[in-house]
Amino acid sequence: MTRPRPQDGDERRGGLSDQRGLTGWLPRRLAAAEPSITVIGDVMLDGWWSGSIDRLCREAPAPVVEVGQRKFSPGGAANTAMNLTALGAKVRLAGLTGRDDASAELLRQLGDSGVDATYVDQVAGLTTTTKIRISSGGQILLRLDEVAGETPAEALSRLAQCIPQLLQDQDAVVLCDYGAGALSGAVRSALFDVLPGRSDLLLVVDAHQPRAWAGLKPDLATPNALEAAAMLGVKLTAGPERAAAVVDHRNELLEAAGAEAVVVTLDREGTVLLPKSGEVHRTWARPVQEAQASGAGDTFVAALTVARAASLPLTTSVDLAQAAADVAVHRPGTSVCSTEDLSRHLEGFTGAALDADELARQVRRHREEGRRVVLTNGCFDVLHRGHTRYLNQAKQLGDVLVVALNSDESVSRLKGPGRPINTITDRAAVIAALSCVDYVTVFDTPTPIPLLKRIRPEIYAKGGDYSPEMLAETSVVERYGGRVAILDYVPEQSTTAVVDRIRSFDGTPRSKSPDHAGDTAGPQTTISPITEGKLR
């Protein structure tokens, strides 16, 4: 069982433990929770040197880079700590460095950012692990690594003695094991002595070899594709089928990691969440063509940990972590995603709905590039787990997912007075922020038939509370050669019941009207309201 700590009043007021949608205020609410998080692991310094190339050297046909800029940033476990602090957590960092210039720069930046680096031990004779990337014209040419070498046993013993104190009064601990030695020997033994008795701690393992930490039964393990492949002893080839292959090996990955949930990061292909109980969940990245970024995985782990430590649901936490990683990967070098960065990113989806003309142009471009377009529609007034599950399923039917939202007037006609709870601007922003959604548009007609005729998606998706024969749209879609896909429907709790619960929070009388079937994917589960004022 995962161990997030609910915030006071969350259950009573429909707080973070119920939150499903990504909105601009959410990162600020997480930062206000100020979770206390300890990071233990391999700290590093990342260097980014850039310059111009005008000639080859005389000794060999190699370019001469005249370095014009040198930039250093904390890397490895230190980058995770920096991201956690930037997202509002109170962070302790423990690890080992040398007594050298690289360590001095690393500790200076950590201190300036607010990370408590008291437990970073500067060890005489040890080299601070440093990775310097040399680039020119936006292209990385070479990476130079200085590695720590063998870690002295006495240094590990000193760090091990600090473990109980490090974990006092903490909400979560992140183990960052990149094989550099800080989590070996006495430190590893101490962690295995202390952590099994700390059921109050959220434990996240970010390791090159997660299997080595399986005995701790972590709440979350976050291998990347290469690490997952090594755990399975198979090859996971990059491409659209890699996520499906990960899902096929769900049980093996969970067993190998010993975790309650494994999140496999797949770079440009997003992530796959594999929980021990519950459904698989996908995210999709918003990649850049030529990325000169490093450490987006650290950003992902940091955002995921902050969200779970503050009681955000697991699937929403993964969605938020993907959004934070998207921010980091669009920046050069080793960077962090702050609360304000993430809020601005999510607020950028406000006004994201395209009109029919612009949508048609975008769809035409994708189709010329050989991509299949999926379209679905609904009110999506109060986002809940059924909606996000449904939209993730719809995305996997093709390459581009378009969500058509009923206008406010249309929702009112379908649902009656008092609906929608959220305006079309809010609904469009929340839906657009989901990584599985590519485009959002709005329609005001009784059915989306005019939009279907205009866009002509290869696949039209609807929830399992329908059948093709029930839909007036079916004949239209089949006439132009498209296909109607009916997705899963798992009834749990009606959207109207959710609305009633929301209204009870602020004293508004509860609705006694029956539920309507207009919300795509049907009733699923309770969530908190997606307007900021309802949670404050």
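Since the structure is predicted, the reported quantities are computational estimates derived from the model, not experimental observations. Counting from 1, residues in each chain are numbered in the order their sequence is written. Given that the model is predicted, a residue must reach a pLDDT of at least 70 before its local features are reported, and side-chain atom pairs must reach 80 or more before they are shown or counted; all residues, however, enter totals for whole chains, interfaces and linings. To obtain the side-chain values, all non-hydrogen atoms of the structure were used and water was disregarded.

Draft legend 1. Quick look at the layout of surface pockets. Its boundaries defined by the atoms lining it, the largest pocket holds a volume of some 1,700 Å³. What lines the largest pocket is a set of 49 residues, among which Glu-269, Arg-282, Trp-284, Asn-392 and Ser-435 lie closest to the centre. Elements with a minimum of two residues in the lining of the largest pocket: α8 (242–248), β12 (271–275), β13 (281–283), α11 (314–329) and α14 (385–395). Broken down by element, the residue count for the lining of the largest pocket peaks at six residues, all from α14. Residue classes follow a fixed rule: Ala, Val, Leu, Ile, Met, Phe, Trp, Tyr, Cys and Pro count as nonpolar, while Asp, Glu, Lys and Arg count as charged, and any other residue, Gly among them, counts as polar. Counted by class, the lining of the largest pocket contains 16 nonpolar, 16 polar and 17 charged residues. Residues are said to line a cavity or pocket when one of their atoms sits within 4 Å of a point; the points come from a 1 Å grid over protein atoms alone, cavities being sets where a 1.4 Å probe fits but cannot get out and pockets being open sets with protein on both sides within 12 Å along at least five of seven lines. Grid points are joined across faces, edges and corners, and a volume is the space filled by probe spheres set on the points. Labels follow the DSSP assignment, with helices taken as runs of H or I lasting at least four residues and strands as runs of E lasting at least two, numbered in each case from the N terminus.

Draft legend 2. Structural detail: the sheet that holds strand β2 (residues 43–56). Strand pairing requires that DSSP identify at least two bridges connecting the strands. The four strands lie next to each other as β3-β2-β6-β7, forming an open sheet whose pairing is mixed. Each edge of the sheet is formed by a strand with only one pairing partner; in this case those strands are β3 (63–76) and β7 (139–146). On average, each strand axis in the sheet is tilted by 20° relative to the strand beside it, whichever way the strands run. Whether two residues are in contact is decided by their heavy atoms, any of which lying within 4.5 Å being enough. Only the stretch in contact is used when a helix axis is fitted, and all axes are lines through C-alpha atoms; the angle between N-to-C directions ranges over 0 to 180 degrees. Sheet strands in contact with helix α3 (residues 77–86) are β2 and β3, and its direction is about 65° off that of β3.

Draft legend 3. Local environment of the packing of α3 against helix α4 (residues 101–113). Closest axis-to-axis distance for the α3/α4 pair is 10 Å, and the angle between their directions is 15°. Between α3 and α4, the angle falls in the class roughly parallel. By crossing handedness, the relation of α3 to α4 is classed as left-handed. From α3, Ala-78, Met-82 and Thr-85 reach across to α4, where they touch Leu-106, Gln-109, Leu-110 and Ser-113. A per-class count over the contact of α3 with α4 returns four nonpolar, three polar and no charged. Angle categories: roughly parallel below 35 degrees, roughly antiparallel above 145, roughly perpendicular from 65 to 115, and oblique for all the rest. Rotating anticlockwise by less than a right angle from the far helix to the near helix defines a left-handed crossing, while the corresponding clockwise rotation defines a right-handed one.

Draft legend 4. Summary view of empty space enclosed by the protein. Here the structure, examined in full by the defined rule, presents four cavities of 30 Å³ or more. Around the largest cavity sit 13 residues that line it, and Leu-96, Leu-126, Thr-129, Ala-148 and Ala-180 are the ones nearest its centre. Here the residues of the lining of the largest cavity sort into six nonpolar, six polar and one charged. For the second largest cavity, the calculated volume is near 50 Å³. What lines the second largest cavity is simply Leu-22, Arg-286, Asp-319, Gln-322, Ala-323, Asp-326, His-345, Leu-346, Phe-349, Ala-433 and Ser-435.

Draft legend 5. Region of the structure containing the sheet that holds strand β17 (residues 400–406). The strand order across the open sheet formed by five strands is β18-β17-β16-β19-β20, and the pairing between neighbours is parallel. A single partner strand is all that each edge strand has here, and the edge strands are β18 (439–443) and β20 (483–486). The sheet shows a mean angle of 25° between the axes of neighbouring strands, direction not considered. Sitting on the sheet, helix α13 (residues 356–368) touches β16 (373–378), β17 and β18, and the angle it makes with β18 is about 140°.

Draft legend 6. The nonpolar core, seen in detail. Joining through side-chain atoms within 4.5 Å is the link that ties buried Ala, Val, Leu, Ile, Met, Phe, Trp, Tyr and Cys residues into a set, and such a set is a nonpolar core. With a 1.4 Å probe rolled over the protein chains alone, any residue whose accessible area is under 20% of its type maximum counts as buried; one over 50% counts as exposed, and the rest are partly exposed. The biggest cluster of nonpolar side chains holds 82 residues, and the ones touching the most others in it are Val-39, Leu-93, Leu-320, Leu-391, Ile-431 and Val-437. The residues touching Leu-320, leaving out its near neighbours within four places in the chain, are Leu-22, Leu-26, Leu-30, Ala-307, Leu-312, Leu-342 and Leu-346. Core analysis: the second largest hydrophobic core is formed by 27 residues, Ala-94, Ile-163, Leu-201 and Leu-203 among them.

Draft legend 7. Structural detail: the pairing of strand β1 (residues 36–41). The buried fraction of β1 amounts to six of the six residues, a majority that puts the element mostly inside the structure. Residues Ser-36, Thr-38 and Ile-40 line one face of β1 and the alternating positions Ile-37, Val-39 and Gly-41 line the opposite face, and both faces are buried. Here β1 runs beside strand β4 (residues 90–98); their pairing, made up of five bridges, is parallel. Within the sheet, the bridge partner assigned to Ile-37 lies in β4 and is Val-91. Bridge analysis of β1 against strand β8 (residues 172–177) gives five bridges, and the strand direction is parallel. Residue pairing for β8: Gly-41 is matched across the bridge by Cys-176.

Draft legend 8. Molecular detail of the pattern of salt bridges. A side-chain nitrogen of Lys or Arg and a carboxyl oxygen of Asp or Glu constitute a salt bridge if their distance falls within 4 Å. All chains considered together, the criterion is met by 23 salt bridges. Where Arg-143 meets Asp-145, a salt bridge forms, and the shortest distance between an N and an O atom there is 2.7 Å. We classify Arg-143 as partly exposed; its relative accessible area is 41%. Between Arg-454 and Asp-357 there is a salt bridge, and its shortest N-O distance comes to 2.5 Å. Taken as a pair, Arg-454 in helix α17 (residues 449–455) and Asp-357 in helix α13 lie far apart in primary sequence, 97 residues in all. When salt bridges with common partners are traced through the structure, they connect Arg-28, Glu-340 and Glu-347 into a single cluster.

Draft legend 9. Spatial organisation of the confidence of the model for the protein chain. A score from 0 to 100, pLDDT tells how confident the predictor is in each residue. In the predicted model, the protein chain carries a mean pLDDT of 87, and 87% of its residues have values of at least 70. Here residues 1–14 is modelled with pLDDT under 50, and outside its nearest four sequence neighbours on either side it reaches 44 contacts, counting other chains as well. Of the regions scoring below 50 in pLDDT, residues 507–536 engages in 107 contacts with residues more than four places distant in sequence or in other chains.

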